[in-house]
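Below, each chain spelled out in residue letters.
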Amino acid sequence: MNPALQGLITIIVGVGGCVGYFWLSNQVLDKVLFPARGDDAGRNINRANQIRPWLFLFPAIFALGLYLAYPVVETLRLSLTDRDAGGAFVGLENYRRMMAEDTFWEAMRNNMLWLIVVPAASTAIGLLVAQLTDRIAWGAIAKSLIFMPMAISFVGASVIFKLIYDARPAGQAQIGVMNAVWLQFDGGPMSFIMLRLLPAIILIAFIAVVAYVAWIFLKPFFDTSLRKGGAVIQAMRGVFAIVAAWLIFLSLRSLWGVFTITYAYGEPQQWLTIPFWNNFFLMVVLIWIQTGFAMVILSAALRGIPEETIEAAIIDGANPFQIFFKIKVPQIMGTIVVVWTTITLVVLKVFDIVFAMTNGQWDTQVLANYMYDKLFRSLDWGVGSASAMIIMLLVSPILIWNVWSARKEMK
Amino acid sequence: MAKIQFDGVGKRYDNGAHAVRDLNLTIEDGEFMVVVGPSGCGKSTALRMAAGLEPITEGRLLFDGHEVNALSARDRDVAMVFQNYALYPHMTVSENIAFPLASRGMAKDEIAQRVARAAETLGLTEYLSRRPKALSGGQRQRVAMGRAIVRDPRLFLMDEPLSNLDAKLRNQMRAEIIGLQKTQGVTTLYVTHDQTEAMTMGDRIAIMRGGVLQQAGAPRDLYDHPANLFVAAFIGSPAMNLFQADLRFTDSGPVLVTSGGTLELGPGAALPARARDHDNRTVVVGLRPEHLSLGDGPGPSLAATLTLTEELPPEKLLHTLITAETPMTDQVVAVAADVDASAVGDLAQDARAHRSRLVARLPVDTPVPASGPLDLRFDPARLHLFDARDGQVIR
């Protein structure tokens, strides 16, 4: 049969099935179960109306249960069994084996890096672009250009960036932009500014931002008047503070490295094989894609800010930075949180980019790719399911936070 | 606190629209100046130019004799209350009030002190930790006022601050703002479209129309001596009665000839000095409703037909029609258009029927027939005469 015809039939059957379900079930409810006639007409109408919402909810609940809730339970079960032993229950053995693996911890570390860098960079750049493009005449064109990567699949974007990072032997023309630029550096003053001073400044700025955010999270522990939310929130604050401290330590170490490292001037680099930094080369792909999303949402939010509050702030003596950080950003904080968490969820599931560019080699493993390796390459359902459970555990607090802030917004 | 001078200030947009033309207005130190006019008259633009939110394209704006045209809004040291209050929704009341101080880098304990004082003045002390969302309209209005009075600005700017409140609250806040301004003694520029607000609040009033200042002066001055038809029609509620007549000077004194008859003003009628120049010309006659009376007293009388009586103790309003041409100058039409489009239609209908509406304001216990013909008397000394061609008062 012609695929187009098949598609058409599928649509007709699907939509018709939905319409048929709702119509028929309501007919049964109103005419057969609780008919609106006879002595009990009034009571029957009330009963029918109590049941009706469940009729409408049933298909969604059923589908979600079958394809979402059941797999979670089944994955949990599989993570506690051993395939080689014929599916025998082995308790937490799979988790123990997984934890003993270096690759798992490498994936965890990389995932944490992704989790912090990508949403932060995408949201920050998106916010900056949204703010700046509103003030220039060709802002609409700039916005479309920045939004365009959203239309490219992760794999397509990975292929594009593989070309950017490509290396040819020294002496040949470099087709990768990164190496073409790299070969321009010769160790002179410009190289010092671009490769030592600039990264150092960026690192110091990063340390400052992280320290500030950590301080915001820690403040309620010292100032009781700011203490809000339950124990879970407090625990999350603590976790964030520890992560921030770790980041600051890493940055300080890198700061030292930036000034002491010996650069290999004149030699084309295989960028994707440089441990640790290649993670960032992969992250750039996702940042490149997600910035457009953040920009569009935040741009709309910025436009929703009442103009008078900004004018009032100008008259109240605020400078442009104060207006941006104290008037505009707090007013769209709800949107920023939603954008951030949405990107976070994308990041935690990141698979295609790593799969297409390095396949987890050279210390770039992430959890989703690790899970794929275990489940479909090693055919080890136990450890594979265990890593899937870990991903779910990581996603859950962010989801809870998302729901919590969404509810707060609605109040 | 400062003396504010608009010296030939104008605002012309890039598309050529002229929002304000050649505005010359001085606001004395500590004075409460109300700028009033129909929507689109340029009053808000003038206010925003004073605030520094709109660049001034023509003329000079002086604060205490120093030109501030190039000074940015944040350096002008003005405070502004917006029509919809423009409170910062993410800040508590105390943070809102403290913001102008905090953004100027004042010490924390002094900020706290000043916020507490401002909150007490406005009765906001118990709401300091609330967000604007949790406040009533009147309380939000107060917070906006608090944000303005917390530092001692050189100039208060208020852009229709009462228009979002209901009538009862508006009267109360009106009195509060006047009291506040008097105790603070800060020069104030207050913009409104409501002439009652203007009359009750302002030390002086400036009336604008189409970007041009029509007249500035004390409220009584504008009421008693309007400079042109626009001011005459705009100030006063109910509005001044206007009808057209030909002014003639005869042997028995000046007379007004309307299409319905001749009004003898009497030999001793005290007409303005320049009235003679308008001999045999069409003028617009203006009469305040309270200057019309019933009965056999002295003075000329108008043959009117009573159409409606409104009782509003201690007075009653008689709505009547007389046979006289309705003036349809653009100034009169502009005032009517500010009320409602249908008011312009009524005016045009009257003009076609060669009649004019006359409202008389009498004590509520005056005996009046239910309807029918009436003789309305007036004192010729209370007449306002306007040139029918340019609408300027005849002095």
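How each quantity is defined
Residues numbered from 1 in each chain as written. Chains lettered and ligands numbered in written order. Predicted model: local features only at pLDDT ≥ 70, side-chain atom pairs only at ≥ 80, totals over all residues. Helix = DSSP H or I, 4+ residues; strand = E, 2+ residues; numbered from the N terminus. Buried ≥ 20, exposed ≤ 12 C-beta atoms within 10 Å, placed from the backbone. Pairing = 2+ DSSP bridges. Core = buried A, V, L, I, M, F, W, Y, C linked by C-beta atoms within 7 Å. Contact = placed C-beta atoms within 7 Å. Domains from an automatic or database assignment. Nonpolar A, V, L, I, M, F, W, Y, C, P; charged D, E, K, R; others polar. Expected span 1.5 Å × (residues − 1). Arc of directions from axis to C-beta.

Just to check I follow, could you spell out the overall build of chain A for this structure?
Helices and strands together make up the secondary structure of chain A, namely 16 helices and two strands. Dimensions of chain A, computed from C-alpha atoms along their principal axes, come out at roughly 95 × 70 × 55 Å. Counting all 411 residues of chain A, 24% fall into the buried class.

It is not clear to me how the sheet that holds strand β17 (residues 315–322) of chain B should be interpreted in this structure. Could you clarify?
To summarise the sheet geometry, strands pair through backbone hydrogen bonds and adopt either a parallel or an antiparallel arrangement. Residue and element names in this part refer to chain B. Read across the open sheet, the five strands follow the order β15-β19-β16-β17-β18; overall the sheet is antiparallel. A strand with exactly one partner marks an edge of an open sheet, and here the two such strands are β15 (292–293) and β18 (356–363). When β17 meets β18, the two strands line up antiparallel, connected through eight bridges. From the neighbouring strand, His319 faces β18, where its bridge partner is Val359.

Before we go on, may I ask you to explain the nonpolar core in this structure?
Note on soluble globular proteins: their nonpolar side chains tend to be buried together. By size, the foremost hydrophobic cluster in this structure holds 118 residues, and its most contacted members are Val35, Ala50, Met80, Leu157, Leu189, Ala233 and Val285 of chain B. Examining the composition of this core, we find that six residues originate from one element, helix α8 (residues 229–234) of chain B, more than from any other. In this structure, Ala233 of chain B is in contact with Ala239, Met240, Leu242, Gln331, Val332 and Val335 of chain B, ignoring residues within four places of it in sequence. In this structure, Met98, Ile332, Leu367 and Tyr370 of chain A belong to the second largest nonpolar core, which totals 49 residues.

I keep staring at the domain arrangement of chain B and nothing clicks. Help me out?
Quoted interface sizes are often the accessible area lost when the parts come together. Residues and elements named next belong to chain B. Once the domains are mapped, chain B shows domain 1 (4–230) and domain 2 (233–387). Facing 12 residues of domain 1, the contacting portion of domain 2 comprises 14 residues. When residues of the side of domain 1 that touches domain 2 are traced back to their parent elements, those giving at least two are α6 (195–201), β9 (204–209), α7 (219–224) and α8. Its residues assigned to classes, the side of domain 1 that touches domain 2 comprises seven nonpolar, four polar and one charged.

What should I look at first to understand unusual backbone geometry in this one?
Peptide bonds are, in most cases, trans, and in most cases residues other than glycine have a negative phi. Residue and element names in this part refer to chain B. The peptide bond linking Ser237 to Pro238 adopts the cis configuration, its omega dihedral lying at -5°. Positionally, Pro238 belongs in the loop between α8 and β11 (241–250). Here the amide bond leading from Pro313 into Pro314 is cis, since omega sits at 10°, within 30 degrees of zero. Checked against the element boundaries, Pro314 lands in the loop between β16 (301–312) and β17. If you check the backbone angles, Ala86 has positive phi at about 50° while not being a glycine. Classification of Ala86 by C-beta neighbours within 10 Å gives buried; the count is 25. Positive phi is not limited to glycine here, since Glu160 has a value of about 45°. By the element assignment, Glu160 lies in the loop between β7 (155–159) and α5 (167–184).

Please explain the interface of chain A and chain B as it appears in this structure.
In this assembly, 15 residues from chain A lie in contact with 17 residues from chain B. Sorting the residues of the side of chain A that touches chain B by element identifies α11 (307–315) and α12 (320–331) of chain A as the ones contributing at least two each. Tallying contributions element by element places α11 of chain A first for the side of chain A that touches chain B, with six residues. A per-class count over the side of chain A that touches chain B returns seven nonpolar, five polar and three charged.

Explanation requested: helix α3 (residues 108–122) of chain B in the structure shown.
The periodicity of an α-helix, 3.6 residues per turn, causes residues three or four positions apart to be oriented the same way. Residue and element names in this part refer to chain B. Between its terminal C-alpha atoms α3 stretches 21 Å, which fits the 21 Å expected from 15 residues at 1.5 Å a residue. Along α3, the positions that sit buried rather than exposed are Ile111, Val115, Ala118, Ala119 and Leu122. In a view along the axis of α3, the buried residues occupy a sector of 100°, so they form one face of it. Residues of α3 that are exposed and point more than 90 degrees away from the buried face comprise Asp109, Glu110, Gln113 and Glu120. Positive backbone phi, approximately 65°, marks Gly123, located one or two places after α3.

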